[in-house]
Amino acid sequence: MRGRIGNKLKIFFLIATFSYSSLEAFSQFYVGGKLCVGSATPTTPTLPNAQSTDCSEPTAFFDTEKDATAWLWDFGDPSTTSDVSTIRNPRYNYATPGKYIVTLTRTVKGIIQAPVTKEITISTPPKQPLFFKKKKADTTLCDGKTLKLDPYLLQSPPPGATFLWFPKGQTTQTIDVDSAGCYSVEVFDASGGCSRTAQINVKFCLQESGGGGSEKWYFGKGATLDFQTQGSPAMPKDTLADSGDLFGDPEQPSPIFLPADATKSNPIDSPEGAAMVYDPFGSLLFYTDGVKIYGKDDNPLAAFPPLTNSDLGGTNDATQSSVIIPKSSCNECPHHLYYVYTINRTTGLLSYSIIDLRRNNGNGAVVEKDIPVNFQTSQRLTAIRTQDETGYFIYSHDSGTNTFRILKIDSTGTTEIVQKVGMAFNDATSEKGYMKLSLTGAKMAVAISVGGKNYIEVYDVDQTTGRLGNSPTTIDLGAAPPNVYGVEFSEDEQKLYVTLRGDPKKGETSYLYQLNLNLKNPVDIANKKIEIDKSKTQAYGALQMGPISGVGKKFIYMAVDGSTILPYISEPDFVGNASIVGYQPINSGFGAEVLGTSAFGFPNVIQAKPKQDGEGLSATYQGTCQGLPTVFSTEGICSPMKGEITWDFGDGTAGSGKSTSHTYEKSGRYIVKLKVVVYSETVVSKNVNIPILKNALKEKCKEFNVIDTLYIKPSPIINLPDSAFVCVIEGGTLLLDPKVQRAYNPAYLWSPTKETTPTITISALGNYSVKATNRFANNTSCAATDKIEIKEGCEPRLFAPEIFTANRDGLNDVFELPNAHITDFELRIFNRWGEIIFESHDPDTLWDGTYHGKVMAPMMYAFVVSYRSKYFPYREKITRRGGIMLVN
């Protein structure tokens, strides 16, 4: 099997990845996949995974006899009796290397045919290549260094092994790397049919990236539509934000994508279908009209031997005749293999070819082509990245039926779902119109003209499985011709734009309509359709929002056959007529100029998952209130290289480490600085571990210093005491006043009363708290909380009269001392010579004016009374002195 590319292509259901052999007579069959040993078992294409954890694959078989209805495969493995299968496309794992005779006996039109055989050679995979002892590795170096990659470092490679590197297609055992990127090597055994792969992501510390390109569309006869962005000024930094980024570029608002003057034409010559694919950086890789395939230099891609030409065998006069998607692979760099799905120009069958970008010195080449996927003809193809961004869904529609085929292709393989849903019909001309997915893939619209009527079917799509909903909205657009053709969703997916393609030579009128899907009822949608444009001299074609990649405001463009100008809708989310949606007919001189001439179709455009490897020194902050912690965090730079990280907080203090916290005692603006010194390992540092030396044994790679400003907002200060007292038993109240300082547009919230006034009056015991919040213009705030405990507390009281009578008349006969909330009572009364004539320790035991049983002479008597507060016993004892007049 010399010359096999050995790609780790996953095989599922009706999809199979086959050898490079050209299509033989229908008496033969395809053999594909890796011709490597596995475990001796047949496998079923409906299993969810076609690849083991070590990336081994079964050998795949596919009967190319279209009319066959039954099969009996014998895989020629004498080690087992289970080496048979009865399906069209079985897979089989051989456990032992060697030569095997595979025999297929098929049934065609009820007649068992003579057996056909093919000899295959099964090999043992080569020893697993590794980088840093891993199948998938990552490394970071100082910029300016060179890294030698050797998958068999310090060991001998397998005998007879050959090598193929990505991205430049080198065939040596080692390569030297001086630029960042993903590098993978596929190592083939001596037969060339069995291989293993390893990959490594290489980063150079803050190396300038080469950048990418911008999307453009090729279609029609050499037509090119370029795009440009119209940006707005950077959004000013929100200085009052509670959290945000430091040291990064200002946030840019989403741009508007506008049509631009095309700079060059292209060799596409297609009345309808075309397809283009862009790499993760946005650079064009290659494109096709379904018949020929062109590289980014506009020349036909090379064919990898034994192929003699790169013509795909497809067609360009089907509505959506081709689509290109990247293939994910095990232990390989993503996006170096691509599937090109086309509709065979002879049979109308859905087929695919494989482009390997490693071939032809990294410029790419067709390595396999025109391999049938299924035996149903199709007129339209569309694709979208899966919701988890790990693969792609491809949708095709079988001619003259309501059968949809949904292929999911990702790193685990390829699975197929077949759904019969929607209108049932048997008319080979019924699917001349487009089939389009919405921007998110949540909806799909299908244009159908059948039985002299135009219909649109709108499906909900399960974005996890790709399945179409079983109850589409079917919209009747009236008589055909003109025939419904182009469909495109608005960005909010609530409006659908539709073209009816008329033939001016037959006096037919073309129409552009807006359908409001918010109306839900299909009759209402049809009756309330809004005419955007119509023409008896122009034939309207496809509709497409563009560009496909990028985030920003996009327009919907309409193809017009034979035109060098494309009209577009600039406000597709609006509901209304041409002026409301921003549309003008091209006969007014309005539109996007293209080099070349438009036809009816637009290209299916796919961009591989955008690369997000940009690495710069940045940090975040959390918390910007005075007196509260502000947390600074950074991931450093050039990970996993070690770095020393130091912070200058701008108030005379500093910190260190990836994450640190600091409390600012004053509000205001501060200049924050971050310094990162990056070190790379040396031979000594890798082998000597002395913690006290830290980075002294390493090589200093780079030093980064960045600076930014941070505003610390004022926080309020609340001045509530810890506790206060209220004489609740006597109906007392208390005014609580927090006496807030540093208030800025403050708001208050008291608990548990839920009052929002600056002060409150309370009359119940318990715990109270107040939250004072400074409110700022951007809806951020700084708050402080304080609490107070309200306790029962009545002030002591005692009243001493000035006179009393001791005449026993029952009125004012004793020296009474009315009191409340006292304890430790003590009363002494003295005569004129200072002698104690009465003493009491009980406020209820009072002097009746006698001494030793005799009433004392009327006169003034001195007294001393002392007591303590019942509620505040920690206070000093209260002593009062006075005189009491005794009257008889």
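Residues numbered from 1 in each chain as written. Predicted model: local features only at pLDDT ≥ 70, side-chain atom pairs only at ≥ 80, totals over all residues. Heavy atoms only, no water.

1. Some remarks on the state of the cysteines
Under the defined criterion, the tally for this structure stands at five disulfides. There is a disulfide in this structure between Cys 727 and Cys 794, and the S-S distance comes to 1.9 Å. Every disulfide takes its handedness from the sign of the S-S torsion; for Cys 727 and Cys 794 that torsion is 90°, giving right-handed. Of this pair, Cys 727 sits in the loop between strand 53 (723-726) and strand 54 (734-736) while Cys 794 sits in the loop between strand 58 (781-792) and strand 59 (797-798), placing them 67 residues apart in sequence. For the pair shown, Cys 727 and Cys 794 are each scored as buried. (Disulfide = S-S within 2.5 Å. Helix = DSSP H or I, 4+ residues; strand = E, 2+ residues; numbered from the N terminus. Buried < 20%, exposed > 50% of the residue type's maximum accessible area, 1.4 Å probe, protein only.)

2. Comments concerning the layout of surface pockets
The computed volume of the second largest pocket comes to approximately 1,200 Å³. In terms of lining, the second largest pocket is formed by 49 residues, of which the most central are Arg 385, Leu 439, Ile 548, Ser 549 and Lys 554. For the lining of the second largest pocket, the elements supplying multiple residues, two or more each, are strand 17 (221-230), strand 27 (365-385), strand 28 (391-398), strand 31 (435-437), strand 35 (483-489), strand 39 (540-546) and strand 45 (604-607). Looking at the lining of the second largest pocket residue by residue, the class counts come to 21 nonpolar, 21 polar and seven charged. (1 Å grid on protein atoms, 1.4 Å probe; cavity = no way out; pocket = protein on both sides within 12 Å on 5 of 7 lines; lining within 4 Å. Points joined across faces, edges and corners; volume = space filled by probe spheres on them. Nonpolar A, V, L, I, M, F, W, Y, C, P; charged D, E, K, R; others polar.)

3. Notes on the sheet that holds strand 12 (residues 162-166)
The strand order across the open sheet formed by four strands is 10-15-14-12, and the pairing between neighbours is mixed. At either margin of the open sheet sits one strand with a lone partner, and together these are strand 10 (136-141) and strand 12. The average undirected angle you get between the axes of adjacent strands in this sheet is 20°. The pairing of strand 14 (residues 181-188) with strand 15 (residues 195-204) spans eight bridges and is classified as antiparallel. (Pairing = 2+ DSSP bridges. Axes fitted to C-alpha atoms, helices over the stretch in contact; angles between N-to-C directions.)

4. Overview of the sheet that holds strand 34 (residues 473-479)
The four strands lie next to each other as 31-32-33-34, forming an open sheet whose pairing is antiparallel. Strands at the two margins of the open sheet, each flanked by one partner only, are strand 31 and strand 34. Strand-to-strand twist of the sheet, defined as the mean angle between neighbouring strand axes without regard to direction, takes the value 15°. Where strand 31 meets strand 32 (residues 443-450), three bridges bridge the pair, whose relative direction is antiparallel. In the sheet register, Leu 437 faces strand 32, and the bridge partner there is Met 444.

5. With respect to the pairing of strand 25 (residues 337-343)
Among the seven residues of strand 25, seven are classified as buried, and the element is accordingly described as predominantly covered. Here strand 24 (residues 322-327) pairs with strand 25 via six bridges, running antiparallel. Across the sheet, the residue bridging to Ile 325 is Tyr 339, located in strand 25. Inspection of the sheet shows strand 25 paired to strand 26 (residues 349-356) by seven bridges, in the antiparallel sense. The residue of strand 26 that forms the bridge with Tyr 339 is Ile 354.

6. Topic: the side chain of Gln 320
You can see Gln 320 is positioned in the loop between strand 23 (302-303) and strand 24. Taking relative accessible area as the criterion, Gln 320 reaches 2% and is therefore assigned buried.

7. Looking at the nonpolar core
Taken as a class, soluble globular proteins show a tendency for nonpolar side chains to be buried jointly. Core analysis: the biggest nonpolar cluster contains 45 residues, and Leu 225, Ile 456, Ile 475, Leu 496, Val 498 and Tyr 557 have the highest contact counts within it. Here the element with the most residues in this core is strand 35; it accounts for four residues. Residues within four places of Leu 496 in sequence aside, it is in contact with Ala 445, Ile 456, Val 458, Val 487, Glu 488, Phe 489, Tyr 513, Gln 514, Leu 515 and Leu 517. By size, the runner-up hydrophobic cluster in this structure holds 36 residues, among which are Leu 301, Phe 304, Ile 343 and Val 367. (Core = buried A, V, L, I, M, F, W, Y, C linked by side-chain atoms within 4.5 Å. Contact = heavy atoms within 4.5 Å.)

8. Concerning unusual backbone geometry
In this structure, Pro 547 follows Gly 546 across a cis peptide bond, with omega equal to 0°. Tracing the sequence through the fold places Pro 547 in the loop between strand 39 and strand 40 (555-560). With omega at 10°, the peptide bond leading from Ser 751 into Pro 752 counts as cis. Residues other than glycine seldom take positive phi values, yet Phe 132 does so here, at roughly 50°. One can find Phe 132 in the loop between strand 9 (116-122) and strand 10. Residue classification places Phe 132 among the exposed residues on the basis of a relative accessible area of 51%.

9. Considerations on the pattern of salt bridges
This model, assessed by the stated rule, comprises 25 salt bridges. Measuring nitrogen to oxygen at the nearest pair gives 3.1 Å for the salt bridge that ties Lys 436 to Glu 488. A residue pair is termed long-range when its members are at least 10 positions apart, and Lys 436 in strand 31 and Glu 488 in strand 35 qualify at 52 residues. Residue Glu 488 is classed as buried on the basis of its relative accessible area, which comes to 5%. (Salt bridge = Lys/Arg side-chain N within 4 Å of Asp/Glu carboxyl O.)

10. Quick word on the side chain of Thr 139
Structurally, Thr 139 can be placed in strand 10. Beyond its immediate stretch of four places on either side in the chain, Thr 139 contacts Phe 132, Leu 147, Ile 200, Asn 201, Val 202 and Lys 203.

11. Thoughts on the pairing of strand 28
Within strand 28, eight of the eight residues are buried, which leaves the element mostly enclosed by the surrounding structure. As defined by bridge partners, strand 28 adjoins strand 29 (residues 403-410) across seven bridges and the pair is classed as antiparallel. The residue bridging Tyr 392 from the neighbouring strand is Ile 409, located in strand 29. Hairpin geometry of strand 28 and strand 29 is characterised by an intervening segment of four residues between the two adjacent antiparallel strands and by a positive phi of about 65° at Gly 400.

12. Remarks on the environment of Leu 496
Position of Leu 496 relative to the elements: it lies in strand 36 (residues 495-501). Residue Leu 496 is classed as buried on the basis of its relative accessible area, which comes to 0%. The spacing of Leu 496 and Leu 515 is 19 residues in sequence and 5.0 Å in space, taken between C-alpha atoms.

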